[in-house]
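# Close look at the chain arrangement
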Amino acid sequence: MVTILDTRADGAPRARHPEKAHRPDQPMPAKPAWIRVRAPGSEGYLATRAIVRAHGLATVCEEAGCPNIGTCWEKRHATMMIMGDVCTRACAFCNVATGRPRPLDESEPQRVADAVAALGLEHVVITSVDRDDLDDGGAAHFAAVIEGIRASSPATSIEVLIPDFLRKDGALEQVIAARPDVLNHNLETVPALYVRIRPGARYFHSLRVLQCAKEIDPAVFTKSGLMVGLGEARDEILQVMDDLLSANVDFLTIGQYLAPSAKHAEVKRFMPPDEFDDLKRVALAKGFQVVAASPMTRSSFHAGDDFRRLKAARAASLSVSP
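Scoring rules and cut-offs
- Residues numbered from 1 in each chain as written.
- Predicted model: local features only at pLDDT ≥ 70, side-chain atom pairs only at ≥ 80, totals over all residues.
- Heavy atoms only, no water.
- Buried < 20%, exposed > 50% of the residue type's maximum accessible area, 1.4 Å probe, protein only.
- Helix = DSSP H or I, 4+ residues; strand = E, 2+ residues; numbered from the N terminus.
- Pairing = 2+ DSSP bridges.
- Right-handed = clockwise from strand over helix to strand, strands pointing away.
- Expected span 1.5 Å × (residues − 1).
- Contact = heavy atoms within 4.5 Å.
- Axes fitted to C-alpha atoms, helices over the stretch in contact; angles between N-to-C directions.
- Parallel < 35°, antiparallel > 145°, perpendicular 65-115°, else oblique.
- Left-handed = near helix turned anticlockwise from the far one by under 90°.
- Nonpolar A, V, L, I, M, F, W, Y, C, P; charged D, E, K, R; others polar.

A separate point is the pairing of strand β11 (residues 251-256). Burial runs high along β11: six of the six residues are buried. Neither face of β11 is left uncovered, since the one carrying Phe251, Thr253 and Gly255 and the one carrying Leu252, Ile254 and Gln256 both have all their residues buried. Looking at chain direction, strand β10 (residues 221-228) and β11 are connected through six bridges and run parallel. Directly across from methionine 227, in β11, lies its bridge partner glycine 255. Handedness of the crossover joining β10 and β11 through helix α9 (residues 234-246) is recorded here as right-handed. In terms of strand pairing, β11 meets strand β12 (residues 290-293) through four bridges, oriented parallel. Within the sheet, the bridge partner assigned to leucine 252 lies in β12 and is valine 291. This β-α-β element, β11 to helix α10 (residues 273-286) to β12, shows right-handed connectivity.

Structure, rendered in structure tokens:
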């Protein structure tokens, strides 16, 4: 899905990415044979969409143009995107709209909890836009969503994919205090590409977020992800793996970057599946408990199955500890 223009409430078009409007178009190379997805439209997909719409929620599946939406929504696995659908950041890879967000909706945590119950989710992923305009970056809102889901669906495991809370002291502690089962924060790319791909973020701050999560609560599972195909070198990917392991991250995802439009960062290379398999073998050998690596891997793709694998891996490691 590629979205350049949105429609305002009055029906008038507006630029989805005003900060990218004057950039020269980047090449859009044809996708290789291994990048293929089924168009959404199954009965399960339509049922999921109806529940999301009925509760007035945004999903990262739609806003970020995830290619896996048909597969996930067929199984009612929607990833909720809280705090609105407008981000204060302007990452070069992302299809989420950039601009001035609306005030927080205090009814949203309950609506998310109700939707999770209606979908019957065993595992749910909650993410958000960046809210640099808020004093706590939205940490209290994350906590309220977690608490709402715990109250209405106590058996559901909760994974949060959080922003970096840059310059928001105490924000991470608020989220961890709400006791999510998995805390995910994506590094997205290698350090050398941050100024071009993720200019509003800082690599070592993001790494520290993951390290601090484990320091605050050693029991929480931590997770991070990388995109490939943006111009990174293999050695740089391996260094990021080592950095994540030094921060005690449990779970790594690696997927192919796909440009949402010609105004976004260019796809420099489509990595073939066998290279993803190789990176997975290396990452597991280095010490990650679980690794998901494939062209179509995304942070929340098969997240429930991966959470079960993560728990089993930890249990196995504890059983052999001296």
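Below, the discussion takes up helix α8 (residues 203-216). Taking 1.5 Å as the rise per residue, α8 with 14 residues should run 20 Å; its terminal C-alpha atoms sit 20 Å apart, in good agreement. Contact partners of the buried residues in α8: α6 (171-177), β9 (182-184), α7 (194-197), β10, α9 and α11 (303-319).

Following both chains from N to C, one finds helix α4 (residues 108-119) and helix α5 (residues 139-152) inclined at 40°, their axes separated by 8 Å at the closest point. Looking at the two axes, α4 sits oblique to α5. In the packing of α4 onto α5, the handedness of the crossing is right-handed. Each of Glu108, Pro109, Val112, Ala113 and Val116 in α4 lies in contact with α5, whose residues at this interface are His141, Ala144, Val145, Gly148, Ile149 and Ser152. Broken down by class, the residue content of the contact of α4 with α5 amounts to seven nonpolar, three polar and one charged.

Just geometry here; none of it tells us what the structure is for.
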